[in-house]
Amino acid sequence: MDQSVEKIAQILKKPDFLLLHKIYTLRTLTLHQAWALIYKPLNITYEQFMQARIIPLVKLKCITLISMNCNKKLYAIFLTNFGIRVLNSRISLSTTIYDTKNKKIENKIYTQADLEVYPK
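Since we're looking at a predicted model, the values are computed, not measured. (Residues numbered from 1 in each chain as written. Predicted model: local features only at pLDDT ≥ 70, side-chain atom pairs only at ≥ 80, totals over all residues. Heavy atoms only, no water.)

K.L.:
How should I be thinking about unusual backbone geometry in this particular structure?
P.N.:
As a rule of thumb, non-glycine residues mostly have phi less than zero, and peptide bonds are mostly trans rather than cis. The residue Arg27 is not glycine, and still its phi comes out positive at about 80°. Residue placement: Arg27 occurs in the loop between helix 2 (14-26) and strand 1 (29-30). Phi at Asn43 takes a positive value of approximately 60°, unusual for a residue other than glycine. Here Asn43 lies in the loop between helix 3 (31-39) and helix 4 (46-59). (Helix = DSSP H or I, 4+ residues; strand = E, 2+ residues; numbered from the N terminus.)

K.L.:
Got a minute to help me understand the side chain of Asp16 in this structure?
P.N.:
As for its placement among the helices and strands, Asp16 is situated in helix 2. Not counting residues up to four positions away in its chain, the partners in contact with Asp16 are Tyr39 and Arg53. (Contact = heavy atoms within 4.5 Å.)

Following this line, the structure appears as structure tokens:
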């Protein structure tokens, strides 16, 4: 296993892994959804959530934030490939999918490109 993946995995707390797993499962969450779903029940304020959890996860390159509207007030959180590797170091992410191109069923871990949501 990549040493940097293991090092980051040791730094993260249980709620951080829950956040990464929710993003992996749902493809994305807005900042407010992530806070309300995971951190608000732990009595962590939105400001604490941003300063102590989101900014460090961005700096560690586990997640990326994408503006979802023109006034840049709504941000979506996406996993990076590095964040997926960190998450997979603690939680088995293997997923059975149907590969439409090759017309076969295979087990794989989604990549950042698989999980990104693109505007139409």
